[in-house]
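# Tertiary structure, described
For reference, the chains in residue letters:
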Amino acid sequence: MTPAPAAPLKTPAGPLALSERQRGVLKRFMREWIYPRWRELIVAMVLTWLLAAITGAYPMIIKASFDMLMKDQSGMLPYVLTAIVGATLMRSLLLYAQTVETNRIVMRLSTDMQRIGFAHLMTSDFARMSRDTPGRLVSKLTNDIGFVQGAVQAALNTAIRDALSIVALVASMIYLDPVMSLIVLCVYPIAALPVATLSKKLRKVAKQTQDELGGMTSLLTEKLSGARLIKTFRLEDYASERLNKSFEYVYKLRMKAVINRARIDPLLEALGGIAIAGVIALAYWRIASGISTVGDFMGFVTALLMASQPIRALGNLSGKINEGLAATESFYELVDEKPLIVDKPGAKPLAIADATIRFEHVDFAYEGSGGVHAITNFTLTVPGGRTVALVGRSGAGKSTVLNLVPRLFDVERGSISIDGQDIRDVTLASLRDAISIVAQDVTLFDDTIGANIALGRLGAPQPDIVAAARAAAAHDFILGQPNGYDTEIGDRGLRLSGGQRQRLALARAILKDAPILLLDEATSALDTESERLVQEALARFTKGRTTLVIAHRLSTVQNADLIVVMDDGAIVETGTHLQLLAADGPYARLVRSQALATSPVAETTSSSLAP
C-alpha cells in the first residue's frame, strides 16, 4: 500500500503546533492506545497530582522556615526541619511510585504495539512481507516503537507531571509575591517562537532518521546473515564500508537533532538568568521597603529554581512528540495495509478426493514488474497421486507455479483448482493444511531439533516426531547430536550440515502428512551420501501422493510421471523422459547442456524411485 501523501505543514503557532495529518494521527493514537488504559492512567494521574501538590508546598515550607529564623523563633526549628525532611521524603516516595506506574503503562503499551504489529505481519500477504527487507520490518517493530515509547514517556512525565509541577510552583510564586511572578511570567513566553521553529526542524529530522534506521537495520541483517560469503570472498572491507556509510548518515542525522535540541536549553537558561536577575533586583527593593520578607524571597527563589528543570523539559518535549508521531505514522502504515488474499464470503473447507491439481490458462505478474508476466497462459493437470516435474532454466517461472498453489499469490487470470474446487473458493486454512512444502532454501528456527520437526503438526506427540524423523532418514544423525531431539540447532540451523537440514525439512513435511507435496528439490548441493538418503526418503514419501517438484536432478526427472519443460513463463514441452529425449526438443537440449545435474548415485536413485 502506498502511503498517502503528507499534508503540507502549516506554520506552527507554538512549540507543539502540529500539522493536520499529525493531529489526525495523534487523535487516533489516543483513541486506540491511551483511552483504553484509563484505569492505569487514573492511578498515575493521582500520583502525579499528589507529587505536584508536595512540590508546590515545598517553597511555602522554605518561606515559613526563614521567616521563623529571621524572627529568632528558634524553638520552632525542630518542627521546620521535620517539615522539610517529611516533604522531601514524601516527594521522593511519590516520585518513585509515579515513575514505576508510568513506565509500566508505557512498557505495556509498546509491548502490545509490537505484538499487534508482528501478528499483523504474520497475517499479511506474502507479497507484502517480500516487499520490504526483513531489516526494515524489524526496524518498524523495534526502532519505530522505541520512538513511540519515548514520546509517550515524555508526555506522561513532562507534559503532565512537569506541567502540573510548574502550575503548583507558579501558584506558590504568585501567593508569595504576585509582582515578582509577573516578571517571570512575562520573560518565559518569549521562548515560544524560537522553540516552535526548532520543533519544525526536529520533525523533519525525526522522519529522516527513522527511515535511515530502517535501512541500517536492513543492511546489518543482510551482512550478518552473509558471513560465510563475506569471509570466503574476503569482503570484510566492502561490508564495513557499506555499513559505515549508513552509520555515518545516522550519526549526522542524530547530531542534527542534538544540535537543534541543544539550542533550546541555553535559550531557556538565559531567559531564566534574566528572570532571576530581575527578581533579585526587585526583591532587594521590596525587602528594604518592608513590602516582602526574606522568607518570601527565599521561598520564591526556591520555587523558581525548582521550576527551571520542568520548564526546560517542556521546551524539549516537542522534539520527542514529533519523533513519536513520525514513528506512529510508520506503525500505522504497517498495520493499516489490509491483506488481499483472504477467505471470500461463504468460502468452504477444501474437500480432498485424490488431490488432482488443475491450472487453467493462468497468467501472473509480480508487483512492480512493470506488467511483465512471470507465467503466461499456463495450463496443466497434475493427476492425483502422481509426480509432475517442472524443469527449465533459471527464471522460467517454476517457483512462481509452486507459490500459486497455496495462494501465496493470487492469479491474475485463469484459475487453479484442486479436485474441481477453485482454490479461491475454499478457506485458506483448509487449503494450506492440505499442502506440504519442502523448499530449496530450508527454513529452520533457532530451537531444538524436535521443535523444528513438530512445526509440521504443532502439538504432535514425541513418538510421531520420531517416526517422521525415521521416515526422513534423520533419526540416526539426530541421536548422534549432544542432546538428541533436544539439541539446539542455532540460527537457521547453522549447526547442522546441508543434508541434515534437508532431512529435518523433509521430516517436518512427513509429520504434516498432507495429500499434496510441493518440492523445490535441493539435493544438487548435497554430498553423495546425503543425497542418497534424501532421495530414498523422498521416494517413499511421494509414493501415492500428488507431488509437484522443481527438479534439479536428472534422476528425479527420469522417474517423474510427467515432465513439464518451461521457458519464459510458458510451457514449451511435456512428456516422459524417454518421450522428450526422442523428440529432441528443449528438454533434450537441457540434458545435453547438463542444465539438469547428474550424480554418482543417479542409477541407485533411479531404481529406488521407479514406480
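Bear in mind the structure is a predicted one, so any value in this text is a computation, not a measurement. One numbering rule holds for all chains: residues counted from 1, following each sequence as written. Under the rules for a predicted model, residues below a pLDDT of 70 receive no local features and side-chain atom pairs below 80 are neither given nor counted, while totals for whole chains, interfaces and linings still include all residues. Computation of side-chain values: all heavy atoms of the structure, hydrogens and water removed.

Let us now look at the pattern of salt bridges. What makes a salt bridge here is a side-chain nitrogen of Lys or Arg within 4 Å of a carboxyl oxygen of Asp or Glu, nothing more. For the structure on display, the rule yields 18 salt bridges. Glu 329 is the salt-bridge partner of Arg 21, the closest N and O atoms lying 2.5 Å from each other. You can see Arg 21 sitting in helix α1 (residues 20-34) and its partner Glu 329 sitting in helix α11 (residues 294-335), a full 308 residues away along the chain. A salt bridge links Arg 108 to Asp 112; the shortest N-O distance between them is 3.1 Å. Of the two residues, Arg 108 and Asp 112 are both situated in helix α3 (residues 77-123); the distance of four residues between them amounts to about one turn of the helix. Whether a residue is buried, partly exposed or exposed follows from its accessible area with a 1.4 Å probe, protein chains only, as a fraction of its type maximum: under 20%, in between, or over 50%, in that order. The exposure class assigned to Arg 108 is partly exposed, which follows from its relative accessible area of 43%. Take Asp 112: its relative accessible area is 11%, and that puts it in the buried class. Overlapping salt bridges, with partners in common, bring together Arg 37, Arg 108, Asp 112 and Arg 115 in one network. Where helices and strands are cited, they refer to DSSP runs of H or I of at least four residues and of E of at least two residues respectively, numbered from the N terminus.

Below, the discussion takes up the sheet that holds strand β4 (residues 413-418). For two strands to pair, DSSP has to find at least two bridges joining them. On the basis of which strands lie adjacent, the open sheet formed by four strands has the order β2-β1-β4-β5 and antiparallel pairing. The sheet is open, and its two edges are formed by β2 (375-382) and β5 (421-422), each paired on a single side. Bridge analysis of strand β1 (residues 357-364) against β2 gives five bridges, and the strand direction is antiparallel. When the sheet's bridge partners are listed, Arg 358 is paired in β2 with Thr 381.

Turning to the packing of aromatic side chains, a few remarks are in order. Stacked, tilted and edge-to-face are the three classes applied to pairs of Phe, Tyr and Trp rings, where Trp contributes its six-membered ring and a pair requires centres within 6.5 Å; stacked means planes under 30 degrees apart, edge-to-face means over 60, and tilted covers the rest. Tallied over the full model, the rule gives seven aromatic pairs. Plain terms: the ring middles of Phe 331 and Tyr 332 are 5.9 Å apart, the flat faces sit at 55 degrees to each other, and that makes the pair tilted. The interplanar angle of 90 degrees and the centroid separation of 5.2 Å between the aromatic rings of Tyr 366 and Phe 409 together place this pair among those described as edge-to-face. Residue Tyr 366 is found in the loop between β1 and β2, and its partner Phe 409 is found in the loop between α12 (398-404) and β4; the two are separated by 43 residues along the sequence. Overall, Phe 409 belongs to the buried group, its relative accessible area being 10%. Connected via pairs of aromatic rings, a cluster forms that spans Phe 126, Phe 364, Tyr 366 and Phe 409. The lysine or arginine in question, Arg 28, covers the ring of Tyr 332, its NZ or CZ lying 3.7 Å from the ring centre. For a lysine, the NZ atom is tested; for an arginine, the CZ atom; a charge sits over a ring if that atom is within 6 Å of the ring centre and within 35 degrees of the ring normal.

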